[in-house]
Amino acid sequence: MKRLVFPMVLAADPALADRDDGRGYIMDGYGFGMMMFALPLWLIVLGIVVAGVIWFVRRTDANPTQRPGAAIAALDMRLARGEIDPEDCSARKTLLAG
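Everything quoted here is computed from the prediction, not taken from an experiment. (Residues numbered from 1 in each chain as written. Predicted model: local features only at pLDDT ≥ 70, side-chain atom pairs only at ≥ 80, totals over all residues. Heavy atoms only, no water.)

Looking at this model, I keep getting lost on the overall build of the protein. Mind explaining?
When helices and strands are tallied, the protein shows four helices and zero strands. Put simply, the protein runs from its N terminus to its C terminus through helices and strands in the order α-α-α-α. When the 98 residues of the protein are sorted by exposure, 9% land in the buried category. If you sum the accessible surface of the protein, you get close to 8,400 Å²; carbon and sulfur atoms cover 68% of it. (Helix = DSSP H or I, 4+ residues; strand = E, 2+ residues; numbered from the N terminus. Buried < 20%, exposed > 50% of the residue type's maximum accessible area, 1.4 Å probe, protein only. Areas by Shrake-Rupley, 256 points an atom, 1.4 Å probe, with all protein chains shown as cover.)

Rendered as structure tokens:
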């Protein structure tokens, strides 16, 4: 943490040096130092938000019936209930396997 604070203080030093001329600097002379770290901070926050939205959309958009494992499990259940015969089940599994 100390490695990050020292460069911040050095970067803010020019803004602090001009502080006493009475012109009223924004944020009491710390404006440049704060601006220097505001852009990377906002880029990190924006990246986290975008990644979260992408993760959420992919998670909610995924339909479990579209996965081959779920389709094969459904075929096995239909075979177990006697709805389809073993030859039909194996033919459909071959089609699903591609």
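I keep staring at the confidence of the model for the protein and nothing clicks. Help me out?
Low pLDDT means the predicted coordinates in that region are not meant to be read closely. Of all residues in the protein, 57% have pLDDT values of 70 or greater, and the mean over the chain is 76. Put simply, helix α1 (residues 2-17) is where the protein has its lowest mean pLDDT, 61, and helix α4 (residues 86-97) is where it has its highest, 87. (pLDDT = per-residue confidence, 0-100.)

Explain the pattern of salt bridges to me, please; I cannot follow it from the model alone.
One side chain can pair with another of opposite charge once the charged atoms of both are near each other. Tallied over the entire structure, the rule returns four salt bridges. With a closest N to O distance of 3.2 Å, E83 and R78 form a salt bridge. What you see here is one network of salt bridges that share partners, running through R78, R81 and E83. (Salt bridge = Lys/Arg side-chain N within 4 Å of Asp/Glu carboxyl O.)

Looking at this structure, how should I read the environment of L75?
When you line up the elements, L75 lands in helix α3 (residues 68-81). Put simply, L75 and R92 are 17 residues apart on the chain and 8.0 Å apart in space, counted from C-alpha to C-alpha. Setting aside anything within four residues of it in sequence, one finds L75 in contact with I84, C89, R92, K93 and L96. (Contact = heavy atoms within 4.5 Å.)

Which parts of the structure should I look at to understand a nonpolar patch on the surface?
Residues L41, W42, V45, V49, V53, W55, F56 and V57 make up a contiguous nonpolar surface patch of about 840 Å² in total accessible area. For W55, the location among the structural elements is in helix α2 (residues 31-61). Residue classification places W55 among the exposed residues on the basis of a relative accessible area of 54%. (Patch = residues over 30% accessible without salt bridge, like charges linked within 9 Å, V, L, I, M, F, W, Y side chains within 5 Å.)

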